[in-house]
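# Architecture and fold: a report
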Amino acid sequence: MHASAQMKKAALEATRQELDALCARGVRMEGNAFSPIVLIKGDLNEEERAGGALLGGADGTALRASCTAIGYAPEDFCALAAVAGEGDDPALKLGAMLPTEVFREALEALDPEAVLLLDATAADLMRETYADALVAIDDFDTAMLKPGLVAHVLGRRVLALDGFEAALGDKREKQRMWAYIKQIGPVGAPY
């Protein structure tokens, strides 16, 4: 086996082990771990709380279509829950907000170029976890992750929405969400 192929295989295995360890600790994530965009949801619906797929319903369908429409490949989809799932860590209570250090470890392991915060719970966790980086942003509203404003946080574009799933039932709100989402196309996209 060629040396570069061995290095790629070793890097892939290390990433797999890191993500498996996070999942064993109660971190819920689904999709492509190498996706350039991660969608973070804190307010899980009934199906998701019962163990169903993250973003497996109408919100996931709409988000996949939106991400594809702004230039992400269909396979570039990764969902991360801001709340704990089942795991071996007794300190992580099922359904409780992830501790900031665990959330940061998960997001850094995924290392996306863009982060989409789907609701206030996800935005609150991002604010708390990355407060050290957000204080460096000059504009107060952007630093507070006001919905619709793109914040640059440690080399990532971060966009908060204020309730994507709830907006699906209102045409005007869907249009507002779409206007926000269009701001975070893939790096290098002609948008």
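Remember, predicted model here, so these are calculated numbers, not experimental data. (Residues numbered from 1 in each chain as written. Predicted model: local features only at pLDDT ≥ 70, side-chain atom pairs only at ≥ 80, totals over all residues. Heavy atoms only, no water.)

## Regarding the overall build of the protein
Our working definition: Helix and strand assignments come from DSSP, with helices taken as H or I runs of at least 4 residues and strands as E runs of at least 2, each series counted from the N terminus. In this setup the radius of gyration rests on C-alpha atoms only. A globule is expected at 2.2 Å times the number of residues raised to 0.38. Buried, partly exposed and exposed residues are distinguished by accessible area as a fraction of the type maximum, computed with a 1.4 Å probe on protein chains only: under 20%, between the cut-offs, and over 50%, respectively. Only heavy atoms enter the contact rule, under which two residues are in contact if any of them lie within 4.5 Å. All accessible areas in this document rest on Shrake-Rupley with a 1.4 Å probe, and a residue is counted as covered only by the protein chains that are shown. When charges are tallied, Lys and Arg are placed among the positive residues and Asp and Glu among the negative ones, while His and the ends of the chain are skipped. Charge positions come from single atoms, namely NZ of Lys, CZ of Arg, CG of Asp or CD of Glu.
Per the secondary structure count, the protein includes 9 helices and 6 strands. What you see for the protein is a C-alpha radius of gyration of 17 Å, in line with the 16 Å of a compact globule of 191 residues. In terms of overall dimensions, the protein has C-alpha extents of about 55 × 40 × 35 Å along its principal axes. Relative to its 191 residues, the protein shows a buried fraction of 45%. Of all intrachain contacts in the protein linking residues separated by at least 6 positions in sequence, the fraction that spans at least 24 positions is 66%. When the accessible surface of the protein is split by element, carbon and sulfur atoms take 54% of a total near 9,800 Å². Seen as two clouds, the 19 positive and the 30 negative side-chain charges of the protein have centres 5 Å apart.

## Here we look at the side chain of D119
So the rule is basically this: By salt bridge we mean one thing: a side-chain nitrogen of Lys or Arg within 4 Å of a carboxyl oxygen of Asp or Glu. We define a polar contact as two N or O atoms separated by no more than 3.5 Å, with the added condition that, inside protein, one atom must be a possible hydrogen donor and the other a possible acceptor, whereas residues neighbouring each other in sequence contribute only through side-chain atom pairs.
Relative to the helices and strands, D119 is located in the loop between β4 (114–117) and α5 (120–129). Buried charge without a salt bridge: D119, with K41 as the nearest opposite-charge side chain at an N-O distance of 6.1 Å. Among the polar contacts listed, one links the side chain of D119 to the backbone nitrogen of D43, at a separation of 2.9 Å. Those residues within four positions of D119 in sequence are excluded, and the remaining contacts are K41, G42, D43, L161 and G163.

## Section: the side chain of K41
Relative to the helices and strands, K41 is located in strand β2 (residues 37–41). Polar side-chain contacts of K41 include one of 2.7 Å to the side chain of E48. Residue contacts for K41: discarding those within four places in its chain leaves E48, L55, D59, L80, A81, A82, L118, D119, A122 and E165.

## A few points about the packing of helix α4 (residues 100–110) against α5
Stated formally: Fitted lines through C-alpha atoms give the axes, limited to the stretch in contact for helices. The angle between two N-to-C directions lies from 0 to 180 degrees. Should an angle fall under 35 degrees it is taken as roughly parallel, and over 145 as roughly antiparallel, whereas 65 to 115 is taken as roughly perpendicular and any remaining angle as oblique. Asp, Glu, Lys and Arg are counted as charged, while Ala, Val, Leu, Ile, Met, Phe, Trp, Tyr, Cys and Pro are counted as nonpolar; the rest, among them Gly, fall into the polar class.
Two elements in contact, α4 and α5, have axes separated by 9 Å at closest approach and are oriented at 95°. Here α5 runs roughly perpendicular to α4, going by the angle between their axes. Touching T100, F103, R104 and L107 of α4 are L125, M126, E128 and T129, all from α5. Of the residues belonging to the contact of α4 with α5, the class tally is 4 nonpolar, 2 polar and 2 charged.

## Quick notes on the packing of aromatic side chains
Rules: Aromatic rings from Phe, Tyr and Trp, taking only the six-membered ring of Trp, are treated as a pair when their centres fall within 6.5 Å; an angle between ring planes under 30 degrees marks them as stacked, one over 60 as edge-to-face, and anything in between as tilted. Geometrically, a lysine NZ or arginine CZ counts as sitting over a ring once it is within 6 Å of the ring centre and also within 35 degrees of the ring normal.
Taken as a whole, this structure holds 0 aromatic pairs when the rule is applied. The ring of F77 carries the charged tip of R64 above its face, separated from the ring centre by 3.9 Å.

## A closer look at the sheet that holds strand β3 (residues 78–81)
Here is the rule: Think of it this way: DSSP has to see at least two bridges between two strands before they count as a pair.
With mixed pairing, 6 strands are arranged side by side in an open sheet as β1-β3-β2-β4-β6-β5. In this open sheet, the two edge strands, each paired with only one partner strand, are β1 (29–31) and β5 (150–153). Recorded for the sheet is a direction-independent mean angle of 25° between the axes of neighbouring strands. Bridging between β1 and β3 involves 3 bridges; their strand directions are antiparallel. What sits directly across from G31, in β3, is C78.

## Regarding the packing of helix α1 (residues 3–24) against α4
How we decide: Crossing handedness: left-handed means the near helix sits turned counterclockwise from the far one by under a right angle, and right-handed means the same turn made clockwise.
Across the interface, α1 lies against α4 with an axial gap of 10 Å and an inter-helix angle of 150°. By the angle class used here, α1 and α4 are roughly antiparallel. You can see that α1 and α4 cross each other, and the crossing is left-handed. Residues E18, L19 and L22 of α1 touch α4, and the partners they reach there are V102, E105, A106, A109 and L110.

## What to know about the pattern of salt bridges
Applying the stated criterion across every chain yields a total of 13 salt bridges. Where E108 meets R156, a salt bridge forms, and the shortest distance between an N and an O atom there is 2.9 Å. Separated by 48 residues along the polypeptide, E108 in helix α4 and R156 in strand β6 (residues 156–160) bring together distant segments of the chain. Given a relative accessible area of 34%, E108 falls into the partly exposed group. The buried category is assigned to R156, whose relative accessible area is 4%. Counted as one network, the salt bridges with shared partners bring together K41, E48, D59 and E165.

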